[in-house]
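# Chain and residue survey
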Amino acid sequence: MIGTDIPNWDKARPHLSEYHKKIAKQAQQVLRFLDARKQMKLIKNLFLTTTIGSFLATQIANITNAEKMAWFSDRDEINDIADHFSATIFI
């Protein structure tokens, strides 16, 4: 995703072009943190939390045939990284 275009991302869904740009920008910010070795524990927790949350949401959606899921997080440092990147990757 970073440094290269995902083939057909905007072609397949041109109405989501701005959203795709937002995701790429957020991912670049996280990469800058990683390159600078800043907030490593916080970034690790971000990916761990969102991975577990996404997995559980997928399992619940599959069992219940739910069409929409939401993550209502408390206000903490994970949400402050790269303009709420955690919510972006959870979706």
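This structure is a prediction, so every number in the text was calculated from the model and none was measured.

Before going further, it helps to spend a moment on the overall build of the protein. The helix and strand inventory of the protein stands at five helices and zero strands. Taken over 91 residues, the protein has a buried fraction of 23%. For the protein, the exposed area adds up to about 7,000 Å²; of that, 56% sits on carbon and sulfur atoms.

At a minimum axis separation of 10 Å, helix α2 (residues 17-35) and helix α3 (residues 40-64) run at an interaxial angle of 135°. Comparing the axis directions of α2 and α3 gives the class oblique. Two packed elements cross with a definite hand, and for α2 against α3 that hand is left-handed. For the pair formed by α2 and α3, the contact residues are V30, F33 and L34 on the first element and M40, I43 and F47 on the second. Looking at side-chain class alone, the contact of α2 with α3 contains six nonpolar, no polar and no charged residues.

The tally for this structure, following the rule as stated, stands at one salt bridge. For E18, the salt bridge goes to K21, with nearest N and O atoms at 3.5 Å. With E18 and K21 both in helix α2 and three residues apart, the pair spans about one turn of that helix. For E18, a relative accessible area of 58% gives the class exposed.

What counts, and at which threshold
- Residues numbered from 1 in each chain as written.
- Predicted model: local features only at pLDDT ≥ 70, side-chain atom pairs only at ≥ 80, totals over all residues.
- Heavy atoms only, no water.
- Helix = DSSP H or I, 4+ residues; strand = E, 2+ residues; numbered from the N terminus.
- Buried < 20%, exposed > 50% of the residue type's maximum accessible area, 1.4 Å probe, protein only.
- Areas by Shrake-Rupley, 256 points an atom, 1.4 Å probe, with all protein chains shown as cover.
- Axes fitted to C-alpha atoms, helices over the stretch in contact; angles between N-to-C directions.
- Parallel < 35°, antiparallel > 145°, perpendicular 65-115°, else oblique.
- Left-handed = near helix turned anticlockwise from the far one by under 90°.
- Contact = heavy atoms within 4.5 Å.
- Nonpolar A, V, L, I, M, F, W, Y, C, P; charged D, E, K, R; others polar.
- Salt bridge = Lys/Arg side-chain N within 4 Å of Asp/Glu carboxyl O.

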